[in-house]
Amino acid sequence: MEAITTNDIKIIRVAGVPEHFNEPWKIGLEENLFKNEGIHIEWYSIKEGTGAMINKLKSNEVDVIVALTEGLINDIANGSDIRLIGTYVESPLIWSVSTGINSIYNSIEDLKGEKFGISRYQSGSHLMSCVLANQYGWKQSEIEFIINNNFENLRKSTNDNTTAAFLWEYFMQKPYYDKGEIRRIGQIITPWPCFMIASTICFIDQHLEDLTKMFKALEKSCLLFRTNSIDSIKRISNNFGLTEEDAKAWFDKVQINPSNTISESTIETTIDALTTANVLNNLNKKYSPIDFIDRKFSKLIVDIKSMRLYNKPELLIILRNNLRVAGLSKGSISYTDLLPYDQNHYYGTQVLDLAVQELELNHENNNNNSNWIIQIGSNLAGCARYLAGKYNLKVLAIELQNDLSQTATELTERCHLNDLIHHINGNFLNVAQHLQENFYYAIVSWITLLHFNRNERIHLINQSYRLLKQNGYFYCEDFIRIGTINFEESQILEHDVYCKYLPTIDEYKSVLIEGNFQIIKIIDLTDDWKIFTNERLEQFRENKEKLFKIHGEDIYNRLEYFYASIAKLFQGNNVGGIRIIAKKTIN
C-alpha cells in the first residue's frame, strides 16, 4: 500500500475522534511540525468512533487511526490485519455512567438486569458496558443492549426510558450534566491506557521511516500541548464547551505521551476483560501479546500490571462480591463495615495500630488535624480509611493502579471520609515532584516498595526525605533477601510479585543512611510472615466451597496459586520480611 505523495512529501491519512485527546495532532498541523519532519498529515475526524475508524482503515480510506485500546485489541484478536504501532494516551479513560434526569436509577448497582444504550456493537460504549458488568459480578445475560448510534441519541434514550443508562467519556458528558439534561450515577475507569495508534500490516511494512517521522513530530506536538498548559486549557474549554475549571481538571489528569512502546499487561488485561465479558468467545485460543503489535516498529515492555494479582481485576471483583453478599453494595457505610474486606496487607489493623503507636500519630500534638501522612501504594485504601476513621488522621493515598484508586475513592466517599483522605492515582516518584517539601509528618507503606528497582528506591528515599517535616517518620514493611534466591523463587518474585530487586537488611539500611535518615528501629518479620502466609493459604483452602459459590472457580484458582506461591517464598528461607522506622533529623 503506497502512501500518497505531494511534491515528494509523503501524505499519511490519520483518523481520530473529534475529542479533546486529539488536539495535539491539530497543534502539530498548525505549527507545521509534521511538515518539518518531511511528511504531511491529513486529519480525519470520525465522530462515529472506534468501530467506524477500524472499518475505514480496512477499506483503505485512511492509513493510521487513533482509537480505543479495547476496540483495536478486540479486532486484532478476531483475526484482522491491523496491528498496534504505539501508545498514544497513557492515562485511562474515565467512562461515566449516565441515566435520565428523572430516572429511577441512582447507582450502578441499580442497573443490574436493565437496558444499556450503546452506539453500536463492538464500540467502546458496548465493550465497556460488558467490562462494567464483569467488575460488578453480573452475568452478561443480565444486561440488554439497545443501539442508539451516537451520543445525542444515547442521551435522549435515557430520558424517554428506552434505556436505563449508557457509558461515555466523562468530560464529553460534563456540559450535559451541567445543563441538567442527564445525570451521572457512577463511573468505570479502563484498567489500561485508553488510546492506541494502529495501522495495517501492509502500510506499516512499506512506511516504517514515515511512521518514525510521524511519531517524532507527534512527540514534539504533545510536548507543546503539555508545556503551554494555559493555552491548551483555554483551547479545550473553547473547542469542547467545557468550563476552564473542567478543562483544567481533564488536563491535569490526562497523560498524552506518544511512544512506540506497548506494555504486555495492556494487551493481556484487555484480552482478559473482553474474554470474561464474552466479547471474545474463543475460550480455547491462547493469545500472545507479541502478535498484537508490529514487531518491526513497536516493542513490548513489562510493567506492574503483569503481576499475577493485578493482571485481572480479582481484587475488585472479590471486593464487590463480598460487599454484595454482606448487603453493603451501595449507600452510606462506615469504615468498620469494610474492615473484613479491604485490609489486603499482612496482619490487618493490628499493624496499623502498631504504626500509630510507634510514630506517635495519636499523640496530642498530632491531634490538631494539621499533620498529613503519605501512604505509598494505598491499594483499595483500607489502611488509609482505618487511620482516618479511627485516629482522625489526614492521609494522602497514592496508588499506581487506576482501577484500584478509583474504587478506593468511591469507598472513601461512601464512608464520608473525603475530608481526611485525598486520593491520587499515579507513581509516587512522579507525584512526589509536585508535593510540598518539609510538609508531611510521616510516609508509610505496607509491602509496596518491593515493586521499585534499586535506583527507583534510592530516588524514593531521597524524595521522602525532601517531603518530610523535620523529625518526620519514614515507616515501611517490605520483603528482604536473607539467602541465595533460587530459580523458582526468582520467577515467582519477577512474574507473580513484580519484584526485580530484593535487598538485604544491610542494603536497606545503607540506602536510608545515605539518604540522611536516622534509623530508629528495625524488626525482622520473617518468622511472623512465614506463619501468616501459610495460615492464609490454609484458611483459603478450607473455605474453598464457600469461596467457589461467591467468586467462581477461576478467581479461586488464581488467588490460590498466588497465595501458595507467596507461602512457598517464605518457606524457602531465602525471602524474609522487615519493618523499618527511620526519622528525618538535622544533619
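The rules behind these values
Residues numbered from 1 in each chain as written. Predicted model: local features only at pLDDT ≥ 70, side-chain atom pairs only at ≥ 80, totals over all residues. Heavy atoms only, no water. Helix = DSSP H or I, 4+ residues; strand = E, 2+ residues; numbered from the N terminus. Expected span 1.5 Å × (residues − 1). Buried < 20%, exposed > 50% of the residue type's maximum accessible area, 1.4 Å probe, protein only. Contact = heavy atoms within 4.5 Å. UniProt positions renumbered as here; feature names shortened; annotations may be inferred. Pairing = 2+ DSSP bridges. Axes fitted to C-alpha atoms, helices over the stretch in contact; angles between N-to-C directions. Phe/Tyr/Trp six-rings, centres within 6.5 Å; stacked < 30°, edge-to-face > 60°.

Let us look at helix α13 (residues 314–325). In this model α13 runs 16 Å from its N-terminal to its C-terminal C-alpha over 12 residues, within 8% of the 16 Å that 1.5 Å per residue would give. Within α13, 10 of the 12 residues are buried, which leaves it mostly tucked inside the rest of the structure. Three or more residues of α13 are buried, namely Glu-314, Leu-315, Leu-316, Ile-317, Ile-318, Leu-319, Arg-320, Asn-321, Asn-322 and Leu-323. Buried residues in α13 make contact with α5 (124–135), α14 (335–342), α17 (402–414), α23 (544–551) and α24 (553–571). Following α13 by one or two positions, Gly-327 has its phi on the positive side, about 75°.

Time to look at the environment of Arg-226. Following the sequence through the fold, Arg-226 ends up in helix α9 (residues 208–227). For the pair Arg-226 and Asp-252, spaced 26 residues apart in sequence, the C-alpha separation works out to 9.6 Å. With sequence-adjacent residues up to four places away left out, Arg-226 is seen in contact with Phe-251, Ile-256 and Asn-257.

What UniProt calls "domain: Ca3427-like PBP" (unreviewed entry) maps, in this numbering, to residues 95–188. Counting secondary structure, residues 95–188 comes out at 32% helix and 28% strand; the distance between its end C-alpha atoms is 5 Å.

Attention shifts here to the sheet that holds strand β15 (residues 372–376). One open sheet accounts for seven strands, arranged β17-β16-β15-β18-β19-β21-β20; its pairing is mixed. Because the sheet does not close on itself, it has two edges, and the strands there are β17 (421–425) and β20 (517–524). For this sheet, the mean inter-axis angle between neighbouring strands, taken without regard to orientation, is 15°. Alignment of β20 against strand β21 (residues 575–584), held across seven bridges, turns out to be antiparallel. Among the inter-strand pairings, Lys-521 is bridged to a residue of β21, identified as Ile-581. Packing against the sheet, α17 makes contact with β16 (394–399) and β17, and its axis sits at approximately 160° to β17.

Moving on, we come to the packing of aromatic side chains. The geometry of two aromatic rings is summed up by the distance between their centres and the angle between their planes. Evaluation of the coordinates by the stated rule reveals 33 aromatic pairs. Relative to Phe-570, the ring of Trp-529 lies with its centre 6.1 Å away and its plane at 85°, an arrangement referred to as edge-to-face. Linking Trp-529 in helix α22 (residues 526–542) with Phe-570 in helix α24, this pair joins segments that are 41 residues apart in sequence. For Trp-529, a relative accessible area of 1% puts it in the buried group. Given a relative accessible area of 0%, Phe-570 falls into the buried group.

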